[in-house]
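These are the residues of each chain, in order.
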Amino acid sequence: MRKKKKIYVAGNWKMNLDLKEAEQFYAVFNRHYRSHPHVKVMIAPAFTHLYRMVYLYEDTDVEIMAQNMHWAAKGAYTGEVSAAMLKSVGVETVILGHSERRQYFCETDEILQKKVQRVIEENMTAVFCVGEKWEEREAGRHFQTVADQVKKALFSLHPEDWEEIVIAYEPVWAIGTGQTATPQQADEMHRHIREVIASKYGNQLAGRIPVLYGGSVKPENAAEIFAMENVDGALVGGASLIPEKFLDIIEAAKQYFD
Ligand code: PGA
């Protein structure tokens, strides 16, 4: 049985909450939040709030992360944000390859591979998202799809670079739909992801890569998801916008270690 040292509870706010709402979230959250040595809490607000959020959460162990960044160091890329800019406001972690970025903003495996390289060059951490569409699962291609996503973006990494990689498995059909993958479906895909990584980097490295599950995680299903052997946490969308719900998911993570 694989032993978990840490559970990640990461909130992905997407394009939700203006600055005032984000501050109100903090006011409620911070009144009730109690840290736990084995639970890592992260929140990804919009770019516009990062500076303020890093400041607000400074006295907590909550990490503020970004939802995206550009692959280039700097230059003529109107509307984009670089890794160095993120670091300059205290952000060290970035979500990459979210299915909404792949679907609506044409992010390909090649682009993501460049973004991952930038993260490594800047000594940052990536929460790298993978996941199949419903048609792919129906056609029995889900394991192959996810393996390809992992290989194309991450197999140019050196073994030591993997220290900076967290993977989030988010089946596209489960995102924002209320339809969660069963804990067994999540666990078997997470195991598959580890096998894919192990095929190039060995079992030891594959065993210690955090693999989070995302897709309609809520207080009602968090505990059973966290209980699965290969699940190291959750990337939470909708339920992370409501402090009480996000706190309940954090509680479920804490209870795993009780
Ligand atoms: P959801 O989103 O929890 O609203 O399904 C998850 C995500 O897209 O990260």
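Residues numbered from 1 in each chain as written. Predicted model: local features only at pLDDT ≥ 70, side-chain atom pairs only at ≥ 80, totals over all residues. Heavy atoms only, no water.

Undergrad: Quick question: what am I supposed to make of the overall build of the protein chain here?
TA: Scanning the protein chain from terminus to terminus reveals 11 helices and 8 strands. Here the C-alpha atoms of the protein chain give a radius of gyration of 17 Å, agreeing with the 18 Å that 2.2 N^0.38 yields for 258 residues. Taken over the C-alpha atoms alone, the protein chain extends approximately 50 × 45 × 35 Å along its principal axes. Out of the 258 residues in the protein chain, the part that is buried amounts to 53%. (Helix = DSSP H or I, 4+ residues; strand = E, 2+ residues; numbered from the N terminus. Rg over C-alpha atoms; globule rule 2.2 N^0.38 Å. Buried < 20%, exposed > 50% of the residue type's maximum accessible area, 1.4 Å probe, protein only.)

Undergrad: What is the right way to read the nonpolar core from this model?
TA: Most often, soluble globular proteins keep nonpolar side chains buried together rather than apart. One finds F29, Y57, L154, W162, I167, I193 and I197 to be the most contacted residues of the largest nonpolar core, which totals 74 residues. When residues in this core are grouped by element, the largest group, 7 residues, is from helix α8 (residues 183–201). Look past the residues within four positions of Y57 in its chain and what remains in contact with it is F25, Y26, F29, I43, V62 and I64. (Core = buried A, V, L, I, M, F, W, Y, C linked by side-chain atoms within 4.5 Å. Contact = heavy atoms within 4.5 Å.)

Undergrad: Can you help me understand the packing of aromatic side chains in this one?
TA: Geometry of an aromatic ring pair is reported as the spacing of the ring centres plus the angle between the planes. The full count for this structure, using the stated rule, is 13 aromatic pairs. A centroid spacing of 4.9 Å and a plane angle of 80° characterise the contact between Y26 and Y57, whose relative ring orientation is edge-to-face. Highlighted residues: Y26 in helix α1 (residues 19–32) and Y57 in the loop between α2 (50–56) and β3 (63–64), separated in sequence by 31 residues. Judged by centre distance (5.6 Å) and plane angle (80°), the ring pair of F155 and Y201 falls under edge-to-face. Of this pair, F155 sits in the loop between α7 (142–154) and β6 (165–169) while Y201 sits in helix α8, and the two are 46 residues apart along the sequence. A relative accessible area of 17% places F155 in the buried class. Given a relative accessible area of 14%, Y201 falls into the buried group. Among the aromatic side chains, those forming a connected cluster through ring pairs are W13, F25, Y26, F29, Y33, Y57 and F246. (Phe/Tyr/Trp six-rings, centres within 6.5 Å; stacked < 30°, edge-to-face > 60°.)

Undergrad: Looking at this structure, I do not really get the site of the ligand. What am I missing?
TA: The ligand sits among 13 residues. The nearest are K14, H98, E170, G176 and S216. Between an oxygen atom of the ligand and a side-chain N or O atom of K14, the distance comes to 2.7 Å. Between S216 and the ligand, the recorded distance is 2.7 Å, taken from a backbone N or O atom to an oxygen atom. In isolation the ligand has 280 Å² of accessible area, and contact with the protein removes 95% of it. (Near = heavy atom within 4 Å. Polar contact = N/O pair within 3.5 Å; in protein donor to acceptor, adjacent residues only side chain to side chain. Areas by Shrake-Rupley, 256 points an atom, 1.4 Å probe, with all protein chains shown as cover.)

Undergrad: What's the story with α7 in this structure? I'm lost.
TA: Residues spaced three or four apart along an α-helix point in a common direction, a consequence of the helix completing one turn every 3.6 residues. For α7, built from 13 residues, the straight-helix expectation of 18 Å at 1.5 Å per residue is met to within 8% by its first-to-last C-alpha distance of 18 Å. Looking at α7, one finds that the buried residues are H142, T145, V146, A147, Q149, V150, A153 and L154. Taken together, the buried residues of α7 touch α4 (99–104), α5 (109–121), β5 (125–130), α6 (134–138), β6 and α8. (Expected span 1.5 Å × (residues − 1).)

Undergrad: Would you mind going over α5 with me for this structure?
TA: Look at α5: 18 Å from first C-alpha to last across 13 residues, which is about the 18 Å you get at 1.5 Å a residue. Here α5 has its buried residues at D109, L112, K115, V116, R118, V119 and I120.

Undergrad: Which parts of the structure should I look at to understand the pattern of salt bridges?
TA: Pairs can form between side chains of opposite charge once their charged atoms are near each other. Under the criterion given, the structure shown has 16 salt bridges. A salt bridge links D232 to R2, with the shortest nitrogen-to-oxygen separation between them at 2.9 Å. With D232 in the loop between α10 (219–226) and β8 (233–236) and R2 in the segment before β1 (7–12), the pair connects residues that are 230 residues apart, well separated along the chain. Overall, the relative accessible area of 4% leaves D232 in the buried class. Residue class for R2 comes out buried when judged on its relative accessible area of 18%. Note that D187 is salt-bridged to R191, the shortest N-O span being 3.8 Å. Of this pair, D187 and R191 both sit in helix α8, 4 residues apart, roughly one helical turn. (Salt bridge = Lys/Arg side-chain N within 4 Å of Asp/Glu carboxyl O.)

Undergrad: Would you explain the packing of α7 against α8 in this entry?
TA: How two helices pack is summed up by the angle between their axes together with the distance between the axes. Look at α7 against α8: their axes get within 10 Å of each other, and the N-to-C directions meet at 45°. Taken together, the axes of α7 and α8 lie oblique to each other. The two elements α7 and α8 meet at a crossing, and its hand is right-handed. For the pair α7 and α8, contact is made by H142, F143, V146, A147, V150, K151 and L154 and by E188, M189, H192, I193, V196, I197 and Y201, respectively. The class makeup of the residues in the contact of α7 with α8 is 10 nonpolar, 2 polar and 2 charged. (Axes fitted to C-alpha atoms, helices over the stretch in contact; angles between N-to-C directions. Parallel < 35°, antiparallel > 145°, perpendicular 65-115°, else oblique. Left-handed = near helix turned anticlockwise from the far one by under 90°. Nonpolar A, V, L, I, M, F, W, Y, C, P; charged D, E, K, R; others polar.)

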